[in-house]
Amino acid sequence: MKFRILILVMAMGLTVFTFSAQVAEAPVKVLIVTGSADLPYHIWQETTASIRAILEANGHFDITVLENPKALNTDSLKGFDVVVLNYNGPRWPRESEEALETFIRNGGGFFAFHHASYGTFFGHEFRENRWQQGSTGSGWEAFPVIIGASWLPENIGHARRCVFEVDWVVATHPASSGLPKSFKANDELYHKLDLSPDVLVLASALSPADLGGTGKREPMVWVNQFGRGRVYYTVLGHDTLAWEQPGMDSLLTRGVEWAAGNSD
C-alpha cells in the first residue's frame, strides 16, 4: 500500500513538473500590425519580414501578421501577449484605436518603432512635401501618451544616415541587462523628440553635428507604462539593413519579451 502511494505521489510530481515546464516554455503570442507606410521612405513589407525573421529565429515567439488594421478589435486581440506596430498611414476606425488602447491599458504589451514617431496618429498632415500640424483634434489623443513621446513637425528630422554607436545607458533593466554596453547601428538617427518625463530611456546615441544632427545625445530606446501595459519604443529600424545590424536582434527580442511581461 505504501509503495502504491509512493508511486502515485511520484507520478503526480512528474505531472506537475511536466505541466510547469510546458507553461514556462509557452511561446509569446505576438501580433504584428502593419499594412501601410509613408512610401517611398519606409517599406512595411520589407521591415515586417525582417522583424518576423528575427522573432522566428529566436524560437520563443508565435507570430501573426495583420495587414488590415481596420480589422483590429477587441476580439481580434484576444489571446495575444504583445502587439508590434509597424505602421505609418491613415487613422484607424475609432473601434480599432480604442481596442488597442484597452488591450494595453489592461496589461497587454506594446512595441513600436521608427516611423511610428510621426504622422496622422499625432495629428500631422503631409503638405508641401513635409509634415505639418493638422487641425486641432485630428490626432489620436492616446497614442503619444502610450508611447510617451511626441514630435513637433518643425523638429522632425535626423542626421544623414550613417553608422553610429548606440549605448545602453541603463544596464539593470530586464530588457537591457546582460547585453554588451553598446552596438553599432546603420540607421537614421532621429532627433529633437519630446519625451514624457515618465519614460525611462534605456539607450542613447550621439547625433553627429557634421552630418546634420544636433551634436547632442538623443534617446534611441525607452520604456513606458500605460495603465497596466508595458510599452517599449525605439526610434531605430528604418529598413531591412537597419534591422540586420548586430544588436538589433537582441533589442527586438528582449523588448518584445519584456513588453509581454515575461521578464521582471
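Here the structure is a predicted model, which is why all the values come from computation and not from measurement.

Right, let's get into the layout of surface pockets. Of the volumes computed, that of the largest pocket is approximately 280 Å³. Lining the largest pocket are 15 residues; nearest its centre among them are Asp38, Tyr41, Tyr118, Trp131 and Ile156. Looking at the lining of the largest pocket residue by residue, the class counts come to eight nonpolar, four polar and three charged.

By definition, the strands of a sheet pair up through backbone hydrogen bonds, in either a parallel or an antiparallel sense. Spatially, the nine strands line up as an open sheet ordered E2-E1-E3-E4-E13-E12-E11-E8-E9, and their pairing is mixed. The strands lining the two open edges of the sheet, one partner per strand, are strand E2 (61-66) and strand E9 (182-187). Each adjacent strand pair in this sheet contributes to an overall mean axis angle of 20 degrees, direction not counted. Examined bridge by bridge, strand E1 (residues 28-33) and E2 share six bridges and lie parallel to one another. When the sheet's bridge partners are listed, Val30 is paired in E2 with Ile63. Across the sheet, helix H2 (residues 44-58) is in contact with E1, E2, strand E3 (82-85) and strand E4 (109-113); its angle to E2 comes to roughly 160 degrees. Where helix H7 (residues 248-259) meets the sheet, its contacts fall on E1, E2, E3, E4, strand E8 (162-168), E9, strand E12 (217-226) and strand E13 (229-234), and the angle it forms with E13 comes to roughly 165 degrees.

Looking now at empty space enclosed by the protein. On inspection of all chains with the given rule, the structure shows one cavity of 30 Å³ or more. Of the volumes computed, that of the largest cavity is approximately 50 Å³. As for the largest cavity, its lining consists of Tyr87, Asn88, Gly89, His115, Ala116, Tyr118, Gly119, Thr120, Phe121 and Phe122. Across the lining of the largest cavity, the residue classes break down as five nonpolar, five polar and no charged.

With twelve residues, helix H4 (residues 94-105) should reach 16 Å at 1.5 Å per residue; the first-to-last C-alpha distance of 16 Å fits that figure. Looking one or two residues past H4, Gly107 carries a phi angle of roughly 115 degrees, positive in sign.

To continue, consider unusual backbone geometry. A cis amide bond links Leu39 to the next residue, Pro40, at an omega of 5 degrees. A positive phi angle, near 65 degrees, is found at Asn129, a position not held by glycine. The residue Asn129 is located in the loop between strand E5 (124-127) and strand E6 (130-133) in this model.

Okay, the pattern of salt bridges next. The tally for this structure, following the rule as stated, stands at twelve salt bridges. Notably, a salt bridge pairs Asp75 with Lys78, separated by 3.3 Å at the nearest N-O pair. Both residues of the pair, Asp75 and Lys78, belong to the exposed class. In this structure, Glu98 engages Arg94 in a salt bridge whose closest nitrogen and oxygen atoms are separated by 3.2 Å. Of this pair, Glu98 and Arg94 both sit in helix H4, four residues apart, roughly one helical turn. For Glu98, a relative accessible area of 39% translates into the label partly exposed. Within this structure, Arg91, Arg94, Glu97, Glu98, Glu101 and Arg105 form a network of salt bridges that share partners.

Thresholds applied
- Residues numbered from 1 in each chain as written.
- Predicted model: local features only at pLDDT ≥ 70, side-chain atom pairs only at ≥ 80, totals over all residues.
- Heavy atoms only, no water.
- 1 Å grid on protein atoms, 1.4 Å probe; cavity = no way out; pocket = protein on both sides within 12 Å on 5 of 7 lines; lining within 4 Å.
- Points joined across faces, edges and corners; volume = space filled by probe spheres on them.
- Nonpolar A, V, L, I, M, F, W, Y, C, P; charged D, E, K, R; others polar.
- Pairing = 2+ DSSP bridges.
- Helix = DSSP H or I, 4+ residues; strand = E, 2+ residues; numbered from the N terminus.
- Axes fitted to C-alpha atoms, helices over the stretch in contact; angles between N-to-C directions.
- Contact = heavy atoms within 4.5 Å.
- Expected span 1.5 Å × (residues − 1).
- Salt bridge = Lys/Arg side-chain N within 4 Å of Asp/Glu carboxyl O.
- Buried < 20%, exposed > 50% of the residue type's maximum accessible area, 1.4 Å probe, protein only.

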